[in-house]
Amino acid sequence: MIRLERRPTPSRLWSGISPLVAVVLTMVAGGLMFAALGKDPFEALRTIFWDPIFGEFAWYFRGQLLIKAGPLILIAVGLAMGFRAGIWNIGAEGQYIVGALCGAAAGLAFYPAETRLIFPLMIVAGALGGFLWAMIPALLKVRFGTNEILVSLMLVYVAENLLASAAVGWLRNPESSGFPGSRNLSRWEASANLEIWADTGIHWGVVAAVVAVIFAQVMLTRHLMGFQIRLAGSAPRAARFAGVVPGRLVVVCLGLAGVLAGMAGLFEVTGPAGQISIDFASGYGFTAIIVAFLGRLNPLGIVAAGLLMALTYVGGDNAAGNLGLPAAAISAFQGMLLFFLLAIDVLTNFRVRMGRGVAA
Amino acid sequence: MKFMQLMAGALSLGLASAAYADGHEPVKVGFIYVGPIGDGGWTYQHDQGRLAVEAEFGDRVETVYQELVPEGADAERAITQMALGGADIIFTTSFGYMDATNAVAAKFPDIKFEHATGYKREHPNVSTYDARFYEGRAVTGTLAGYMTETNKIGYIASFPIPEVIQGINSSFLHARKVNPDVEMVVTWAYTWFDPAKEADAARAMIDQGVDVILQHTDSTAPQAAAQEANANGGRVFTFGQASDMIQFARNDDGTPGPRIASIIDDWSPYYIERVGAVLDGTWEQQASWGGMPEGEVVIGEITEAVPAEAKAAAEEMIAAITAGDYHPFTGPINKQDGTPWLADGEVADDGTLLGMDFYVEGLTGEIPN
């Protein structure tokens, strides 16, 4: 009989190597799946993991990795602060959408002016939009004790409908003869969030993600607010005695996540996505939740997790397009990676015992 | 940017000339799909077109496709990746790929791009193509006018864009022509494909007394909702959309099902023509808008649930449109507010149709804005 026995302290060894073990297991299981689909498993795995970084067209794909990882990391860092304090903001997708809407609207109000002031104004508007959208669950929780998981999640659907109405209505490009979608912000010099260095994939959103990671790391380890966040998550009662005001913590954590998600939306709509369209929301807000946990709610871990997620997307698309793998197989492969990461994680806190044990 | 653009250009040139050197073959044909190829609707039909290209040209072509490509930032990467992979012509099969297609086309001047349902052709290597679905709507509208007993027909609309408004107007005009008492209920689903939403819309309309449902969304959920209503003593008819949806023409026990006809998007003739042009080296930029005469819009089997008189009227309509004798928007037609649009015998011009943002007289409700 196999039993799990709780370790007295989490294993540092397993905490360190579990992501590697998970990746290896994913490759084995995924390779079997690809083989079952009649594809060469080694070629498939090489296309997903190797080609985007070292392959023939790596000069293009490396930049794409950063474009994909940037918003994931930016949003996940904000979410991780709240998750550490036990505040569950599931609605980053909505904050991301509203940030993009507010930022785009603020910029388009000045169309077709050409001044460099417009882009910074849009960033502020985007951050503010995300912040205000996050304040709805925050204030409802503080004032009426509502559940922020439900409220923030429900607000995603509201945001999606706002997005649809903006794309076909109030932000629609007046020169599009009735077709949905706003003006292309990445083609208007005043609002374009282009690559800062050509073909590196580094646009202002990626820079913002790096700044956010450093800021979050410093705050968590060096600042009183970071201490309060960690304390509230690990020992809520002790936190009260230490002078943590729960309401203020809720507002700060949700607000911070909202600001970062809103900015991510703005950088996306002015850069890679280019316009407000019905399909602008691409799930970054939800994927970022996975990235936050994959990165152990640690800002530096989130960077690694964000890059890994980006690799499975970019490499997965690469395999789907070039090897004719069905999209569902790629999704299943990504699911395997997350499954193995979480499953192997058990070994950090538990050890496996074989044979008949004495009931503990 | 400049250096990389040059590199990308040089690279694509290298790949393209490799294909050209040995007499263009095999030409690599790429397809970018918005849905899964098994959606039984829009994407399925495009993939049938891809298979038709393979069947037509055999070893002279190689096709690749990528399904479920979101219409946002990911589209540009997916198209670029296909271009880097050596495609000679790439069909991007959804409206939302418009800007991405043009952006990638700028970087790969030697690769041909074909964007479905869009209007931007910013570079000489970008063509657009669409189909005159409103021609098919004239036929289904006629059938709807005959089949309704409650004189209430329903339309599940996706987004308030010209193509959808053309469909609503065309269906309504032709239903009214054969049944002056008919009213139309329009429900906006704000989606192209969402079985749950489409089923809700269908059920809500059935509850309001609608007994014929037309749809401009791609799932079979409305057909299933109608089948369910009929199993409970209802009498509701539907039309297949984009694909034939023939599985709803008959119930499991062999009795007639809710689907009485369908509008099929057949992209095969267009894809074969355009890939053939690349093979011959005669490909040129164009904006194509084919319909029933070109075989791009096809009416699926009209079932035995339809009375002979109605079926004859529908077939007459098909013959007239296919022969080019009849245009579904032929005056006299007034706009919803009563102002004249087309005089007696006047035919709508393509420019007005492509920007259509108004209902015709008799429709109730407003186009959301």
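Cut-offs applied
- Residues numbered from 1 in each chain as written.
- Chains lettered and ligands numbered in written order.
- Predicted model: local features only at pLDDT ≥ 70, side-chain atom pairs only at ≥ 80, totals over all residues.
- Helix = DSSP H or I, 4+ residues; strand = E, 2+ residues; numbered from the N terminus.
- Rg over C-alpha atoms; globule rule 2.2 N^0.38 Å.
- Buried ≥ 20, exposed ≤ 12 C-beta atoms within 10 Å, placed from the backbone.
- Contact = placed C-beta atoms within 7 Å.
- Nonpolar A, V, L, I, M, F, W, Y, C, P; charged D, E, K, R; others polar.
- Domains from an automatic or database assignment.
- Pairing = 2+ DSSP bridges.
- Axes fitted to C-alpha atoms, helices over the stretch in contact; angles between N-to-C directions.
- Core = buried A, V, L, I, M, F, W, Y, C linked by C-beta atoms within 7 Å.
- Parallel < 35°, antiparallel > 145°, perpendicular 65-115°, else oblique.
- UniProt positions renumbered as here; feature names shortened; annotations may be inferred.
- Expected span 1.5 Å × (residues − 1).
- Arc of directions from axis to C-beta.

Regarding the overall build of chain B
Part 1 of the argument: Helix and strand counts for chain B come out as 11 helices and 14 strands.
Part 2 of the argument: Since a compact globule built from 369 residues should have a radius of gyration of about 21 Å, the 22 Å found for chain B is in line with a globular shape.
Part 3 of the argument: For chain B, the proportion of its 369 residues judged to be buried stands at 54%.
Part 4 of the argument: Expressed as a percentage of contacts within chain B between residues at least 6 apart in sequence, the contacts between residues at least 24 apart total 67%.

A closer look at the overall build of chain A
Part 1 of the argument: For chain A, the count of helices and strands is 13 helices and two strands.
Part 2 of the argument: Relative to its length of 360 residues, chain A is compact, with a C-alpha radius of gyration of 22 Å against a globular reference of 21 Å.
Part 3 of the argument: Counting only C-alpha atoms and orienting by the principal axes, one finds that chain A spans roughly 75 × 60 × 35 Å.
Part 4 of the argument: When the 360 residues of chain A are sorted by exposure, 50% land in the buried category.
Part 5 of the argument: A separation of at least 24 residues holds for 79% of the contacts in chain A among residues at least 6 apart in sequence.

Here we look at the interface of chain B and chain A
Where interface size is given, it is often the accessible area lost as the parts come together that is meant.
Part 1 of the argument: With 32 residues of chain B in contact, the opposing surface of chain A contributes 30 residues.
Part 2 of the argument: Secondary structure elements with two or more residues in the side of chain B that touches chain A: α1 (2-21), β2 (61-66) and α3 (73-84) of chain B.
Part 3 of the argument: Residue contributions to the side of chain B that touches chain A peak at eight residues, all from α3 of chain B.
Part 4 of the argument: Its residues assigned to classes, the side of chain B that touches chain A shows 18 nonpolar, eight polar and six charged.

A few points about the domain arrangement of chain B
All names here are of chain B.
Part 1 of the argument: Examined at the domain level, chain B breaks down into domain 1 (2-131) and domain 2 (133-264 + 296-354).
Part 2 of the argument: The centre of domain 1, based on its C-alpha atoms, is set 32 Å off from the matching centre of domain 2.
Part 3 of the argument: Each side of the interface is counted separately: domain 1 has nine residues, and domain 2 has 13 residues.
Part 4 of the argument: The element that contributes the greatest number of residues to the side of domain 1 that touches domain 2 is helix α2 (residues 42-57), accounting for three residues.
Part 5 of the argument: Across the side of domain 1 that touches domain 2, the residue classes tally to three nonpolar, five polar and one charged.

Examining the sheet that holds strand β9 (residues 237-242) of chain B
Residue and element names in this part refer to chain B.
Part 1 of the argument: Read across the open sheet, the six strands follow the order β7-β6-β8-β9-β10-β12; overall the sheet is mixed. Edge positions in the sheet fall to β7 (183-188) and β12 (297-300), since each of these pairs with one other strand and no more. Pairwise comparison of adjacent strand axes, ignoring direction, gives a mean angle of 15 degrees for this sheet.
Part 2 of the argument: Note that strand β6 (residues 152-157) and strand β8 (residues 212-215) share four bridges and pair parallel. Bridging from a neighbouring strand, Ile-156 pairs with Gln-215 of β8.
Part 3 of the argument: Strand contacts of helix α5 (residues 133-147): β6, β8, β9, β10 (259-265) and β12, with the helix running at about 175 degrees to β10, the strand carrying the most contacts.

Concerning the environment of Phe-42 of chain A
Part 1 of the argument: Residue position: Phe-42 of chain A is located in helix α2 (residues 41-54).
Part 2 of the argument: Taking C-alpha positions, Phe-42 of chain A is 43 Å from Leu-101 of chain A, a pair spaced 59 residues apart along the chain.

Topic: the nonpolar core
Part 1 of the argument: In terms of nonpolar packing, the biggest core is built from 217 residues, with Ile-75, Ala-76 and Leu-260 of chain A touching the most fellow members.
Part 2 of the argument: The biggest single contributor to this core is helix α3 (residues 58-84) of chain A, with 16 residues.
Part 3 of the argument: Each of domain 1 (2-131) and domain 2 (133-264 + 296-354) of chain B contributes no fewer than three residues to this core.
Part 4 of the argument: Discounting residues that sit within four places of it in the chain, Leu-260 of chain A has contacts with Leu-74, Ile-75, Val-77, Gly-78 and Ala-212 of chain A.

A look at unusual backbone geometry
Part 1 of the argument: In this structure, the amide linkage connecting Tyr-111 of chain A to the following residue, Pro-112 of chain A, adopts the cis form with an omega of 0 degrees.
Part 2 of the argument: Here Pro-112 of chain A shows up in the loop between α4 (92-108) and α5 (118-144).
Part 3 of the argument: The omega angle of the peptide bond from Gly-331 of chain B to Pro-332 of chain B is 5 degrees, so this bond is cis rather than trans.
Part 4 of the argument: Although it is not a glycine, Arg-296 of chain A adopts a positive phi angle of roughly 60 degrees.
Part 5 of the argument: Its 17 C-beta neighbours within 10 Å are what place Arg-296 of chain A among the partly exposed residues.
Part 6 of the argument: The phi angle at Leu-297 of chain A is positive, at roughly 60 degrees, despite the residue not being glycine.
Part 7 of the argument: With respect to the helices and strands, the residue Leu-297 of chain A is situated in the loop between α11 (284-294) and α12 (299-323).
Part 8 of the argument: On the neighbour-count criterion, Leu-297 of chain A (20 C-beta atoms within 10 Å) is buried.

Some words on the packing of helix α8 (residues 224-234) of chain A against helix α10 (residues 246-270) of chain A
All names here are of chain A.
Part 1 of the argument: Their axes nearest at 11 Å, the elements α8 and α10 cross at an angle of 105 degrees. Between α8 and α10, the interaxial angle falls into the category roughly perpendicular. Taken together, the residues of α10 that come into contact with α8 (itself represented by Met-225, Gln-228, Ile-229 and Ala-232) are Leu-249, Val-252 and Cys-253.
Part 2 of the argument: In terms of residue class, the contact of α8 with α10 is made up of six nonpolar, one polar and no charged.

Focus: the UniProt feature "domain: ABC transporter substrate-binding protein PnrA-like" (unreviewed entry) in chain B
Part 1 of the argument: Feature annotation in UniProt places "domain: ABC transporter substrate-binding protein PnrA-like" (unreviewed entry) on residues 27-301 of chain B, given in this structure's numbering.
Part 2 of the argument: For residues 27-301 of chain B, the helix share is 39%, the strand share is 23%, and the end-to-end C-alpha distance is 35 Å.

Digging into the sheet that holds strand β1 (residues 27-32) of chain B
All names here are of chain B.
Part 1 of the argument: Pairing is parallel across the open sheet formed by six strands, whose spatial order is β2-β1-β3-β4-β5-β11. At either end of the open sheet lies a strand with only one pairing partner, and these are β2 and β11 (287-290). Direction aside, neighbouring strands of the sheet carry axes that sit 20 degrees apart on average.
Part 2 of the argument: Taken strand by strand, α2 contacts β1 and β2, and its axis lies near 165 degrees from that of β2.
Part 3 of the argument: Sitting on the sheet, helix α4 (residues 98-107) touches β3 (89-92), β4 (112-116) and β5 (126-131), and the angle it makes with β4 is about 175 degrees.

A few points about helix α10 (residues 308-323) of chain B
Residues and elements named next belong to chain B.
Part 1 of the argument: Its 16 residues place the ends of α10 22 Å apart at the C-alpha level, agreeing with the 22 Å of an ideal helix rising 1.5 Å per residue.
Part 2 of the argument: Among all positions in α10, only Ala-310, Ala-313, Ala-314, Met-317, Ile-318 and Ile-321 are buried. Buried residues along α10 cover an arc of 140 degrees about the axis, so they all sit on one side. Turned more than 90 degrees from where α10 packs its buried face, Ala-308, Glu-309, Ala-312, Ala-319 and Ala-323 sit exposed.
Part 3 of the argument: In the core, the buried residues of α10 are packed alongside α5, α6 (162-178) and β12.
Part 4 of the argument: Residue Gly-324 follows α10 closely and has a positive phi angle near 80 degrees.

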